[in-house]
Amino acid sequence: MRQSSRRGVCLVISAPSGAGKSTIAQALRQRESRLFTSISVTTRAPRPGEEEGVHYYFRDMEIFRQMAQQGDLLEWAEVFGRGYGTPRKPIEQALAAGEDIVLDIDWQGYRLMKKALPEDVEGLFVLPPSLEELEKRLRGRDSDSEEEIAKRMKAAMSEISHWREFEHVVINEDLEQAVDDAQAILRAARMLSKRRSDIAAHIAQWSPEG
Ligand code: ADP
Ligand code: 5GP
């Protein structure tokens, strides 16, 4: 049963681009139907098949900067020369309502989220099985230019160097296994005693005779 008296968990999944974080996050959302989906704002152009308000809110740099300045973004970062940010209000409302959230954002975003919501955020870093496989996946996605792929491969090792900042690490070799692992992490995070604001009331109902 849903425990509305507890706050939600915000599971942040980060990885070098192409390692599979959005695939894992999407699979988790299918398995856990009540996960709240945060839609980021970006200044990059939509890829084929990407829809406004579904994959991202696509905005120009001026609007993006305005949103950041007004505090409308809980965190934002420049990744590959483009702005990416997480709208503040929906996240705060979901957590207060006891809804869990999965965010797939980069390591800088994770760091800022952890600072903004230290009690609510759990970090999961996803590694590819190898750099060769990472490049294969970037190419397989078939949506980025050669230049974009080269930029992402160049950034990969420096992104990977942040893995220790995350509480959890999963190697995404077999997708089903990686999703199982991510789901186990989310479930365990829900049960951390610091989040169980429902337990004291539960125990208080018990009479001393049992
Ligand atoms: P990211 O969000 O980290 O940039 P994606 O989720 O877009 O990465 O995944 C990059 C590509 O790799 C996609 O085409 C995806 O289908 C594929 N992929 C993800 N996980 C696996 C896996 N375990 N094995 C093979 N391909 C995968
Ligand atoms: P892509 O252009 O491939 O969709 O995303 C590029 C990078 O930006 C990925 O590492 C992705 O996780 C990250 N990203 C997406 N949304 C956000 C966000 O809201 N905030 C931050 N900090 N990074 C994001």
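Residues numbered from 1 in each chain as written. Chains lettered and ligands numbered in written order. Predicted model: local features only at pLDDT ≥ 70, side-chain atom pairs only at ≥ 80, totals over all residues. Heavy atoms only, no water.

(A) Region of interest: the side chain of Thr 86. Among the secondary structure elements, Thr 86 is positioned in strand β6 (residues 82-87). Judged by relative accessible area, Thr 86 falls into the buried class, the value being 0%. Among the polar contacts listed, one links the side chain of Thr 86 to the side chain of Glu 75, at a separation of 2.5 Å. (Helix = DSSP H or I, 4+ residues; strand = E, 2+ residues; numbered from the N terminus. Buried < 20%, exposed > 50% of the residue type's maximum accessible area, 1.4 Å probe, protein only. Polar contact = N/O pair within 3.5 Å; in protein donor to acceptor, adjacent residues only side chain to side chain.)

(B) Expanded view of the pairing of strand β7 (residues 101-104). The sheet contact formed by strand β1 (residues 10-14) and β7 spans four bridges and is parallel. Within β7, the residue paired with Ile 13 across the bridge is Asp 104. (Pairing = 2+ DSSP bridges.)

(C) Examining helix α2 (residues 61-69) more closely. If you check which residues of α2 are buried, you get Phe 64, Met 67 and Ala 68. For α2, the angular spread of buried residues about the axis comes to 100 degrees, placing them on one side. Opposite the buried face of α2, by more than 90 degrees, sit the exposed residues Glu 62 and Gln 69. Residues of α2 that are buried make contact with β3 (41-42), β5 (73-79) and β6. Among the residues trailing α2, Gly 71 stands out with phi positive, at a value near 80 degrees. (Arc of directions from axis to C-beta. Contact = heavy atoms within 4.5 Å.)

(D) A look at the site of ligand 1. The full set close to ligand 1 counts 13 residues, and Gly 18, Ser 22, Thr 23, Arg 141 and Asn 172 are the nearest of them. A distance of 2.9 Å is found between an oxygen atom of ligand 1 and a side-chain nitrogen or oxygen belonging to Arg 141. Compared with its free state, where it exposes 560 Å², ligand 1 has 76% of that area covered by protein. Top contributing element to the shell around ligand 1 by residue count: helix α1 (residues 21-31), with three residues. (Near = heavy atom within 4 Å. Areas by Shrake-Rupley, 256 points an atom, 1.4 Å probe, with all protein chains shown as cover.)

(E) Spatial organisation of the packing of α1 against helix α7 (residues 175-190). The contact between α1 and α7 brings their axes to 9 Å, and the two run at 65 degrees. α7 is crossed by α1, and the crossing has right-handed handedness. For the pair α1 and α7, contact is made by Thr 23, Ile 24, Ala 27, Leu 28 and Arg 31 and by Leu 175, Glu 176, Ala 178, Val 179, Asp 180, Ala 182 and Gln 183, respectively. When its residues are assigned to classes, the contact of α1 with α7 shows seven nonpolar, two polar and three charged. (Axes fitted to C-alpha atoms, helices over the stretch in contact; angles between N-to-C directions. Left-handed = near helix turned anticlockwise from the far one by under 90°. Nonpolar A, V, L, I, M, F, W, Y, C, P; charged D, E, K, R; others polar.)

Without other data, these values stay purely geometric and don't point to any function.
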